[in-house]
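Reading the structure
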Amino acid sequence: MGQAVDVDLLARAIAWSGEAEAARNEAFNVTNGDVFTWENIWPAVADALEMKPGRPVPLSLAREFPSWVAPWDALRRKHDLASPALAEFVGLSFQYADYSLRYGHTESGPPSIVSTVKINRAGFTEMMDTEDMFRKWFRQAKQERLLP
């Protein structure tokens, strides 16, 4: 299990903390407010990409990505995408995904859950559904012609 934080939500929390008296000299955890597992979030990711979710297949994104360079370039041309070459576009994201998705591990890792009670009690109560966050960012990437 884990948590995510939408960068727009984080920006609003930072702006709030710069103005709120209750935030003075305090440190806060900021998350979307929900807990998710990757297994449960994939259908929302697939939906956001207008795809059907497939069955789980263990693979290392970092190892596989070189085989995706040519198909990615073909997609960029076909859809006149503004996105750069794959290595530039993803940076170290595939290595981070392998780590986050626990590639090569057979057991779940420890849950990564933090409490947002303190920031809520101090007055910042905004939350965001993580599935909505993924849909938002994939929709924006499509609008900006970064994804087909």
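It should be emphasised that the depicted structure is a prediction, and the values quoted were computed from it without experimental measurement. (Residues numbered from 1 in each chain as written. Predicted model: local features only at pLDDT ≥ 70, side-chain atom pairs only at ≥ 80, totals over all residues. Heavy atoms only, no water.)

Scanning the entire structure with this criterion turns up ten aromatic pairs. Centroid distance Phe134 to Phe138: 6.4 Å. Interplanar angle 20 degrees. Geometry classified as stacked. Of this pair, Phe134 and Phe138 both sit in helix H8 (residues 130-143), four residues apart, which is roughly one turn of the helix. Taking the relative accessible area as the measure of exposure, Phe138 reaches 21% and is therefore partly exposed. Three or more aromatic residues joined by ring pairs form one cluster here, namely Phe36, Trp38, Trp42, Phe134 and Phe138. (Phe/Tyr/Trp six-rings, centres within 6.5 Å; stacked < 30°, edge-to-face > 60°. Helix = DSSP H or I, 4+ residues; strand = E, 2+ residues; numbered from the N terminus. Buried < 20%, exposed > 50% of the residue type's maximum accessible area, 1.4 Å probe, protein only.)

The next point concerns the pattern of salt bridges. Scanning the model with the defined rule gives ten salt bridges in all. Of the charged contacts in the structure, one is a salt bridge between Lys136 and Asp6, with a shortest N-O distance of 2.9 Å. Here Lys136, found in helix H8, pairs with Asp6, found in the segment before helix H1 (7-19); they are 130 residues apart in sequence, far enough to count as distant. Judged on exposure class, the residue Lys136 and its partner Asp6 are both buried. Lys142 is the partner of Glu50 in a salt bridge, and the nearest nitrogen-oxygen pair spans 3.0 Å. On the criterion of sequence distance, the pair formed by Glu50 in the loop between helix H2 (38-48) and helix H3 (61-64) and Lys142 in helix H8 is long-range, its members being 92 residues apart. Residue Lys142 is classed as buried on the basis of its relative accessible area, which comes to 19%. One network of salt bridges, in which partners are shared, links Asp6, Asp8 and Lys136. (Salt bridge = Lys/Arg side-chain N within 4 Å of Asp/Glu carboxyl O.)

Tallied over the full model, the rule gives one cavity of 30 Å³ or more. In this model, the largest cavity occupies a volume close to 50 Å³. Contributing to the lining of the largest cavity are Asn29, Val30, Thr31, Gly33, Thr116, Ile119, Asn120, Phe124, Glu126 and Met127. Tallied by class, residues from the lining of the largest cavity come to four nonpolar, five polar and one charged. (1 Å grid on protein atoms, 1.4 Å probe; cavity = no way out; pocket = protein on both sides within 12 Å on 5 of 7 lines; lining within 4 Å. Points joined across faces, edges and corners; volume = space filled by probe spheres on them. Nonpolar A, V, L, I, M, F, W, Y, C, P; charged D, E, K, R; others polar.)

With that settled, consider a nonpolar patch on the surface. Together, Met1, Val35 and Ile113 make up an exposed nonpolar region whose accessible area comes to about 280 Å². When you line up the elements, Ile113 lands in the loop between helix H6 (93-100) and helix H7 (117-122). (Patch = residues over 30% accessible without salt bridge, like charges linked within 9 Å, V, L, I, M, F, W, Y side chains within 5 Å. Areas by Shrake-Rupley, 256 points an atom, 1.4 Å probe, with all protein chains shown as cover.)

Before going further, it helps to spend a moment on the side chain of Asp6. Among the residues examined, Asp6 registers a relative accessible area of 1% and is labelled buried. Within the structure, Asp6 has its side chain in polar contact with the backbone nitrogen of Leu9 (distance 3.1 Å). For Asp6, the side chain forms a polar contact with the side chain of Lys136, separated by 2.9 Å. The contact partners of Asp6, leaving out residues within four places of it in the chain, are Asn32, Met128, Met133, Lys136 and Trp137. (Polar contact = N/O pair within 3.5 Å; in protein donor to acceptor, adjacent residues only side chain to side chain. Contact = heavy atoms within 4.5 Å.)

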